[in-house]
Amino acid sequence: MLSPDLPETPAAGRLKQRYRVFRRLLASNSEMLELMAALEADVAHLELDDASVRESVVRLLDGSLLLAENLNILTGNTHRALYAAHAGVERAVRETLRACPDSASFPLLVPLEEACDARVQEIGGKAAGLCRLRRLLGEAVPPGFVLTSAAYRLFLSENALHGPIRELFSDLTLIAGRRLFKERTAAIRTLVTRSPVPAPLVEALESGARRITADPAARWAVRSSAVGEDGRMSFAGQFDTVLDVATGDLPAAYRTVLASRWSDHSVLYRLATGFTEVATPMAVLVMPMVRARAAGVLYTRDPRDEAADRMVIDAVAGLAGEMARGRAPASTLLARRSRPGEVEPPPAREGGDPGAPGPLTPADVRRLVTLGLSLESELGHPLDVEWVLTAGDEPKVVQCRGLRSTAREPRRRVAPEPREAVARGGTTIVPGRAAGPAHLATTADELLAAPEGAILVVRQAGPELAAALPRAAGLVAEQGNQAGHAAALVREFGVPSLFGVPDAWRLLADHQALSLDATDRAVFGGLLWPEARERARSRARHAASRRLAGPLHEPVLALHLTNPHALGFRPAGCRSVHDIVRYAHEKAVAAMFGLGDEVGRRGGHRVCDLETALPVALAVLDLGAALPQAALERGKVGPEEVASPPFQALYRGMTRPGVSWAGRTQVSLGGFLSVVSSSVSAAPSDARQVGGRNYLMVAPDYVNLNARLAYHFAMVDAFVSVVPENNFVNFRFRGGGAGPERRDLRARFVEEALRQAGFAVDRKGDLVTAWLRRYPARASEEGLATLGALMGCARQLDMLMRDEASVRHFAERFAAGDYAAFA
């Protein structure tokens, strides 16, 4: 600070006030970014009506308004339009919050007949689908009840699990280390399985069971019905089902289904498909067990050829749980749609045993086809139906979802592959070609280790494939059912796949790379079809970038203003809180960039002369606690006395060994004549000789240099702190004594030297603007040192520039630290 006997001038006071406003704005910017990061994590796990979420949103709205106010104080109200933009964003945010359902009002239990589509956020996709079918089919769909997503949230809150689960889930990603991933998911499952089922949920389970039957010996099926299940994605096989449960054991079975939400493969599936944790709360469906003579899956269209006149029926005796998980073989029938009861002969070269009689009679087939046609007519699209035949031959529907099919590819007119296939046969699940490194896997760990673009080879196709499918190019399985969960998953991800390839494991084990033609059911050794490899890489990149945005994403978290130089970077372009924060920060930095020009233009500031051996006169203005009191009193300060790391970094570069600020000893004749020509036409005020005053503003974390050296000027503006998000280094360089061509060559040298040093650069003629943003302190200070050296090397360099070769030569010399080349 200035001493009492050295009163501060009004101009200096105004500058210090602006700097204090700038500091407040940077502090608010950091707080807003931290709040947004925390909110993004919160809304992945908590409902929008959660008190902590709403508190964060209010703080963001208030904080972004404060940013707008500070920006206008800093710039003299030149950004008043930002207030209207903020008002529009606030309206959108508050409308979003008002539209959010109050999850606290959801009941704990909903009977299946009341589980309509409008309540899907309470009862999940599976239960909503069965409710719809029960209204169509009546008793062909067993009765049941749902413990809702509100029950799930009550389980977590009563056992104080929200915080620990969020902490364990915080850094789990598709690329997390396998050991870390398994440890974290196992820890979450342990937390859930060791937690008691709250009394209100036990009472709800008992009440729901009594509504269906008073038989104390009744047995139950307890199944997942997560929000999102059987919707945009199927979640096929991702959660556990517990069968044959006694009424007294319903709470334990309920907890088992909840815990399966954090199995390795279900967590990986959600990560791969972009679902946040809060988007898929677990409702649980409870239905009485059906004593089954046979069970299976009905596809109302052939998934491989939707236009064909057939349905596909997979059946086993008894219950179909093991078949659906790919662990038990099924009898597959191709049943004609147009003539219910008739069965097509199996196509050639298919795996398995299509056409085998299995557990179904012709009358059973007719009933199932008739049921499928009726459902498809009512619902308007092909279906994937899980069915059970009772001992009395009644078909019961226990699950139904839309069928994901693949269009039949036209027969390709290509020459046959010159090499012999190393494996043939099986059943095409998804047609197409794929090529990549071979990866054989028998365990979940081995699946997680699959590289991007691999051809997976497995003995058994099961739901755990979800861990690897987003990155896989193709899949070959020795065993697997086209009606199983794994088949639904590979169709979701569009991975060319063959199931049931005879002896695939032995035949493919010794190959480093494989090429799969799933359409022709053939596998070749080596890498063929480069275009297929690129398609696989593109699909993997798309899977990795998936993320389903929640309601607050657009009005709060989304960033639309990404390019400060674009025409749309203005208040009217702010559509979110994040946009307002970004706009205010960028414009505040730009305002500080011009502060040095204002100092030089207006003058009237009490300054200290920098005592330096450099032939450059620098007047130092202290913006706060950077100069010692003694220096302020004597009006002079040594470089070592300036308590500003950004200044010290800049000065360190200016005084690097070899960097010369003296006049040039070598000047080309063309360069000299160019300078003379320019000087004759220049206004006297355009040139300021070395020794004229230049202005330097400093603070402990800030430096602004406005230097006019001969016929050119340079501006450095930098803020460097321990918070990388606040840090910036700006640089502007323009002019010269030579003619336009040589000034342009010198500007191109400056541009190239800065690019090589890691700066972002924009050049228009002889004006070069460069910047570093959000770098750590050490990197920012190194950038400042580079600028200090560059200003000395570039001074009067236009007189040495002759051609493009000069640009390359001097850029290489500067990058190599050969500063003597510029003397």
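How each quantity is defined
- Residues numbered from 1 in each chain as written.
- Predicted model: local features only at pLDDT ≥ 70, side-chain atom pairs only at ≥ 80, totals over all residues.
- Heavy atoms only, no water.
- Helix = DSSP H or I, 4+ residues; strand = E, 2+ residues; numbered from the N terminus.
- Expected span 1.5 Å × (residues − 1).
- Buried < 20%, exposed > 50% of the residue type's maximum accessible area, 1.4 Å probe, protein only.
- Arc of directions from axis to C-beta.
- Contact = heavy atoms within 4.5 Å.
- Pairing = 2+ DSSP bridges.
- Axes fitted to C-alpha atoms, helices over the stretch in contact; angles between N-to-C directions.
- 1 Å grid on protein atoms, 1.4 Å probe; cavity = no way out; pocket = protein on both sides within 12 Å on 5 of 7 lines; lining within 4 Å.
- Points joined across faces, edges and corners; volume = space filled by probe spheres on them.
- Nonpolar A, V, L, I, M, F, W, Y, C, P; charged D, E, K, R; others polar.
- Parallel < 35°, antiparallel > 145°, perpendicular 65-115°, else oblique.
- Left-handed = near helix turned anticlockwise from the far one by under 90°.
- Phe/Tyr/Trp six-rings, centres within 6.5 Å; stacked < 30°, edge-to-face > 60°.

The end-to-end C-alpha separation of helix α12 (residues 362–379) is 26 Å, in line with the 26 Å expected for 18 residues at 1.5 Å each. Within α12, burial applies to Asp 364, Val 365, Leu 368, Val 369, Leu 371, Gly 372, Leu 375 and Glu 376. Viewed end-on, α12 has its buried residues packed into an arc of 160°, placing them on one side of the element. Along α12, exposed side chains directed more than 90 degrees from the buried face belong to Pro 362, Ser 377 and Glu 378. As for α12, its buried residues are in contact with α4 (120–137), β6 (292–299), β7 (310–317), β8 (331–336), β9 (383–390) and β10 (395–402). A positive phi of about 85° marks Gly 380, the residue just after α12.

Next up on the list: the sheet that holds strand β15 (residues 474–479). Reading across from one edge, β11-β18-β17-β13-β14-β15-β16-β12 is the order of the eight strands in this open sheet, with mixed pairing throughout. Looking at which strands have only one partner, the edges of the open sheet turn out to be β11 (423–424) and β12 (427–430). Pairing of β15 with strand β16 (residues 497–499) involves three bridges; the strand directions are parallel. When the bridges of β16 are listed, Val 476 appears paired with Leu 498.

Inspection of the secondary structure puts Asn 726 in the loop between β24 (712–719) and β25 (728–735). Among residues more than four places away in sequence, those in contact with Asn 726 are Leu 26, Asn 29, Ser 30, His 585, Phe 719 and Ser 721.

Moving on: the sheet that holds β8. As a general point, the strands of a sheet are linked pairwise by backbone hydrogen bonds and lie either parallel or antiparallel. Judged by pairing direction, the sheet is antiparallel, and its five strands sit side by side in the order β8-β7-β6-β9-β10 without closing on themselves. The sheet is open, and its two borders are formed by β8 and β10, each paired with just one other strand. Between one strand and the next, the sheet's axes are offset by a mean angle of 20°, whatever the strand orientation. When β6 meets β9, the two strands line up antiparallel, connected through seven bridges. Directly across from Ala 294, in β9, lies its bridge partner Leu 389.

With that settled, consider empty space enclosed by the protein. This structure, assessed with the given rule, holds three cavities of 30 Å³ or more. Counted as a void, the largest cavity has a volume near 150 Å³. For the largest cavity, the lining is made up of 14 residues, of which His 45, Tyr 152, Leu 156, His 162 and Glu 277 are closest to its centre. For the lining of the largest cavity, the secondary structure elements donating two or more residues are α5 (149–158) and α6 (162–169). Partitioned by chemical class, the residues of the lining of the largest cavity number seven nonpolar, two polar and five charged.

Relative orientation of the contacting elements helix α7 (residues 178–193) and helix α9 (residues 250–259) amounts to 160°, with a least axis distance of 9 Å. Here α7 is positioned roughly antiparallel relative to α9, judged by the angle of their axes. Once α7 is placed against α9, the crossing between them reads as right-handed. Two secondary-structure elements touch here, α7 through Arg 189, Val 192 and Thr 193 and α9 through Arg 255, Leu 258 and Ala 259.

We now examine the packing of aromatic side chains. The geometry of an aromatic ring pair is captured by the separation of the ring centres together with the interplanar angle, meaning the angle of the planes. For the coordinates displayed, the defined rule picks out 16 aromatic pairs. With 5.3 Å between their ring centres and 40° between their planes, Tyr 19 and Tyr 702 make a pair best called tilted. With a gap of 683 residues between them, Tyr 19 in helix α1 (residues 10–43) and Tyr 702 in strand β23 (residues 702–709) connect regions that are remote in the sequence. Take Tyr 19 and Tyr 702: they sit in the same class, and that class is buried. Aromatic pair Phe 810 and Phe 822: ring centres 5.2 Å apart, planes at 40°, arrangement tilted. With Phe 810 in helix α25 (residues 804–815) and Phe 822 in the segment after α25, this pair connects stretches of sequence that are 12 residues apart. The same class applies to Phe 810 and to Phe 822, which are both buried. By the ring-pair criterion, three or more aromatic residues cluster together here, those being Tyr 19, Phe 22, Tyr 702, Phe 719 and Phe 728.

The quantities given are spatial measurements derived from coordinates; they are silent on function.
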